Amino acid sequence: MLGSLAIAMYLLGLTLRNSQLVTIAVVIFVFLTWAALFGGHADVSASGRRSEEWTGEEGVALGSVSAMRKMSSARIFEDGELNVTLRMQNHSGLAKILEVRDRVPEVMRIKEGSNYILMELGPRRETFIEYTVECPLRGFYSLGPVAVRIQDPFGLFHKEKELHVYNDFLVFPKMEDLKETFVKSRVPKIFTGAVNIRQPGPGSEFYSLREYFEGDSFRAINWSAYARSGKLMVNERERDAVSDVIIIVDSRAVSETGPVSRNALVYSTRAAASLAKYFLGRRDSVGVITYGDEVVSVDRDTGKKQLYVILTKLAGAVAKGNTPLQVVVNRIMPHINKGSPIIFLSNLEDDPTIVNALRDFRARDFDVTVLSPSSLEFEFDAKRLNRTGYEVLKTERDVLISELRGLGVNIMDWEPDMLLSTALAGARGF
Amino acid sequence: MAVKRESGDTSHLYDGKTVRSSAPSRKALAGSAGIGTEIPKDAIPEIEVPKFIESLLGGPIIPKMKFLKPDKMVQNLQLAVYGILAALGFLTFIVSPGAGTIWFMLTGSIGLASIIQIVVIVAACGLGFYGVFKRDGRFLLGSQLLFILAIMRFASSKVSLSFDPFGLADNNFLLSTLVVIYAVLLIMYIELSSGVLRYSMLDTSIRTNEVYVMNPGKIVGKYHRALIINPVIALILATLVLSANKIVPVIVNIFNSDLAGQLRESVELTSVYGVALGTLFVFLVVGGLFALNLPTHIQNWRESSGE
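Residues numbered from 1 in each chain as written. Chains lettered and ligands numbered in written order. Predicted model: local features only at pLDDT ≥ 70, side-chain atom pairs only at ≥ 80, totals over all residues. Heavy atoms only, no water.

Visitor: When you look at the packing of aromatic side chains in this model, what are you seeing that I'm missing?
Guide: The geometry of two aromatic rings is summed up by the distance between their centres and the angle between their planes. Enumeration over the complete set of coordinates arrives at 18 aromatic pairs over all chains. Ring centres of B:Tyr130 and B:Phe139 lie 4.9 Å apart, and the angle between their planes is 85°; this geometry places the pair in the edge-to-face category. On the accessibility criterion, B:Tyr130 (37% relative accessible area) is partly exposed. Each residue in the set A:Phe31, A:Phe154, B:Tyr199 and B:Tyr223 is aromatic and connected to the rest through ring pairs, giving one cluster. Positioned over the ring face of A:Tyr116 is A:Arg101, at 4.0 Å from the centre of the ring. (Phe/Tyr/Trp six-rings, centres within 6.5 Å; stacked < 30°, edge-to-face > 60°. Buried < 20%, exposed > 50% of the residue type's maximum accessible area, 1.4 Å probe, protein only. Lys NZ or Arg CZ within 6 Å of the ring centre and 35° of its normal.)

Visitor: I'm lost on the side chain of B:Ser143 in this one. Help?
Guide: Residues and elements named next belong to chain B. Mapped onto the fold, Ser143 is located in helix H6 (residues 137-151). Given the relative accessible area of 0%, Ser143 is considered buried. Looking at Ser143, its side chain comes within polar contact range of the main-chain oxygen of Ala124, at 2.8 Å. (Helix = DSSP H or I, 4+ residues; strand = E, 2+ residues; numbered from the N terminus. Polar contact = N/O pair within 3.5 Å; in protein donor to acceptor, adjacent residues only side chain to side chain.)

Visitor: What is the right way to look at the pairing of strand S9 (residues 146-151) of chain A in this model?
Guide: Regular strands have side chains that alternate between both faces of the sheet. Residues and elements named next belong to chain A. Examined bridge by bridge, strand S4 (residues 96-102) and S9 share five bridges and lie antiparallel to one another. If you follow Leu98 over to S9, its bridge partner there is Ile150. In terms of strand pairing, S9 meets strand S10 (residues 158-163) through six bridges, oriented antiparallel. Bridge pairing in S10 links Gln151 to His158. (Pairing = 2+ DSSP bridges.)

Visitor: Would you take a moment to explain a nonpolar patch on the surface for this structure?
Guide: Residue and element names in this part refer to chain B. Residues Ile228, Ile229, Val232, Ile236, Leu237, Leu240, Ile247, Ile251, Ile254 and Phe255 make up a contiguous nonpolar surface patch of about 980 Å² in total accessible area. Among the secondary structure elements, those contributing two or more residues to the nonpolar patch are helix H8 (216-242) and helix H9 (244-255). Here the nonpolar patch takes six residues from H8, the largest share from any one element. Within the fold, Ile229 resides in helix H8. Residue classification places Ile229 among the partly exposed positions, given a relative accessible area of 40%. (Patch = residues over 30% accessible without salt bridge, like charges linked within 9 Å, V, L, I, M, F, W, Y side chains within 5 Å. Areas by Shrake-Rupley, 256 points an atom, 1.4 Å probe, with all protein chains shown as cover. Salt bridge = Lys/Arg side-chain N within 4 Å of Asp/Glu carboxyl O.)

Visitor: Got a minute to help me understand the pattern of salt bridges in this structure?
Guide: Side chains that carry opposite charge are capable of pairing whenever their charged atoms lie near each other. Residue and element names in this part refer to chain A. Tallying each qualifying case throughout the model produces 23 salt bridges over all chains. One salt bridge connects Asp79 with Lys174, and the closest N-O pair in it is separated by 2.8 Å. Here Lys174 lies in the loop between strand S11 (167-172) and strand S12 (195-200) and Asp79 lies in the loop between strand S2 (75-77) and strand S3 (80-90), a separation of 95 residues in the sequence. The class for Lys174 is partly exposed, based on a relative accessible area of 31%. Between Arg210 and Asp216 there is a salt bridge, and its shortest N-O distance comes to 2.8 Å. Classification of Asp216 as buried rests on a relative accessible area of 18%. Beyond isolated ion pairs, a larger network of salt bridges with shared partners links Glu377, Lys394, Arg397 and Asp413.

Visitor: Can you help me understand the pairing of S3(A) in this one?
Guide: Residue and element names in this part refer to chain A. Across seven bridges, strand S1 (residues 65-71) lies against S3 in antiparallel orientation. Note on S3: the bridge partner recorded for Ala67 is Met88. The pairing of S3 with strand S7 (residues 126-135) spans ten bridges and is classified as antiparallel. Within S7, the residue paired with Asn83 across the bridge is Thr132.

Visitor: Sorry if this is basic, but what is going on with the nonpolar core here?
Guide: Looking at soluble globular proteins, one finds that nonpolar side chains tend to be buried together. If you look at the biggest cluster of nonpolar residues, it comprises 70 residues, and the most contacted ones within it are A:Met9 and A:Ile28. Mapped by element, the contributors of at least two residues to this core are helix H1 (2-16) and helix H2 (19-38) of chain A together with helix H3 (72-95), helix H5 (110-134), H6, helix H7 (172-207), H8 and helix H12 (272-291) of chain B. In terms of residue count, the dominant contributor to this core is H7(B) (17 residues). Residues contacting A:Met9, with those up to four places away along its chain left out, are A:Leu21, A:Ile24, A:Ala25, A:Ile28, B:Ile148, B:Ile151 and B:Met152. (Core = buried A, V, L, I, M, F, W, Y, C linked by side-chain atoms within 4.5 Å. Contact = heavy atoms within 4.5 Å.)

Shown next as structure tokens:
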């Protein structure tokens, strides 16, 4: 602004032969030149290039500033906190007044400290900037770049540089502790495990009473039943075994309908993580499939490592695309054991193949549980849907849920404030 | 005879029937639902889009920035601006007589032009005082524009004064020094008033924990030093630059005294074109130094050797 004013005054002064205007213009020019020369911006003013165009070592004033970052952890769970330490170094022999802003993903909140610092960094000195961010949403995130700005005392010239220091970290979906899922397999694998399946066999849970046969252990005899009926009766127990559990997460674009922190995808990923942890804790074999623009699957496996593989996949699930469920079912059906429990997490919107796809599962005797976080509730709560629209859509949704229930699917309309364990129990009719 | 097996498959119930299996499109419903289809207010973020004039000035002028109560630093800056504003108003009145102003061109009356000129200067001061008091960029911008408008002269003239109790008009050097002082005050007013806004913003940001300042004393100290040093240096350098038409004959005198004498008596060199020529000469030298990348080398040297 001052430069333009000076040029205008200078030219006008020359045109009108007015020495007063020329004098004022010259003073402004001198002031600007001095500020450019000795305000730490000589390199900018020298070539006339804009500050953004500087790369690498070309920027003299900022070329000697470097940054390093350290994080307390590279993997955290939702609502977890991350401590960040940014180390700023000035390698030159000149003190600098720097504005430093460490770029933090938009969804994160600075809980303690600050990522935006104004400081005087002495010659050949370093300083540590510490702050804590709160990570409310799952995902892959990066901290950085570090934006550094230097300007003259009057703010006439400034120069910015982005120090490309990045640190990636993962925010896993948070998990709910589950005591019981009510999901049981009818098809055991050969290894015994901690999960009851609906077959009599070696186990700890009571299954039924039957008459005593030769060879039965005396310890299994139910003496009370014997006293009542006069016949020797033995307790049969549910067979404990390892089973395959398949979790399907709908991550189509429509699954993100609603506010950023309250939508079907957020709920589905949290539920999938909780279920995976529960089943893996019982030594089950758990596989996860997420589908949106493509079908991404985690092969069935057991153990803690599998949990981290699943959590990583769930953290990276992005609402995108509109792959129909039927495509997913056709693809996975040949690879899963008949009768395995399948848990499907979806808001059941905008997919005309849902009924047919779930019917295919049921036709092959899979135990299907559907938890459906209701996008309608999220949108209605956020006042993005009026009452009439909500009622109409709710009716349509209820019809669809009834239809699926008619197919023998264990389904629950999962309302936003309902705990996962409650929703699971509800799906099973408890 | 085939044994009827129990099956969970209920597909036979739906065979041959058309079953709606998904909820209708939300978008379609939103378009036909009647009331309440407008975009909720909370869904639209507030964005300050700079208007055309604002974008020329480098960005949006945020009129409703809620500053916290000013701290001592900002209050001192405000007091400094008040002082400079008073001096600037007085000097503007002195160095911009009614003759030669745009008002004189429009009205043709020196009396009327003088009155309008005084009104403009008073308005510039008034807006400036209010803008600094309220820390409102709009009033400050208005004040700066009015000052620039007041000093704009649309007539060929040397420096003339509307009020000259000390007889400055008789001495060309003092006269041009007065204009230089005026120009420095104008720049300092512009810089300090924007400094009031910048430091108010910074102060508010510090107190709302948006920014953390390390060694605030050193940062503020550097600004205070610049407030003294920069205008003094600008004053000296500008005087030297503007005296180039007088310095050139002195230098030429070393080689050729006759030519130096001719230069001294040259009407062109002592006129506004002489000033412009001298200025051009100086800035050509400065431009050459810049072209040779000398400032970068100086900067490099300072970076490596320290202050």
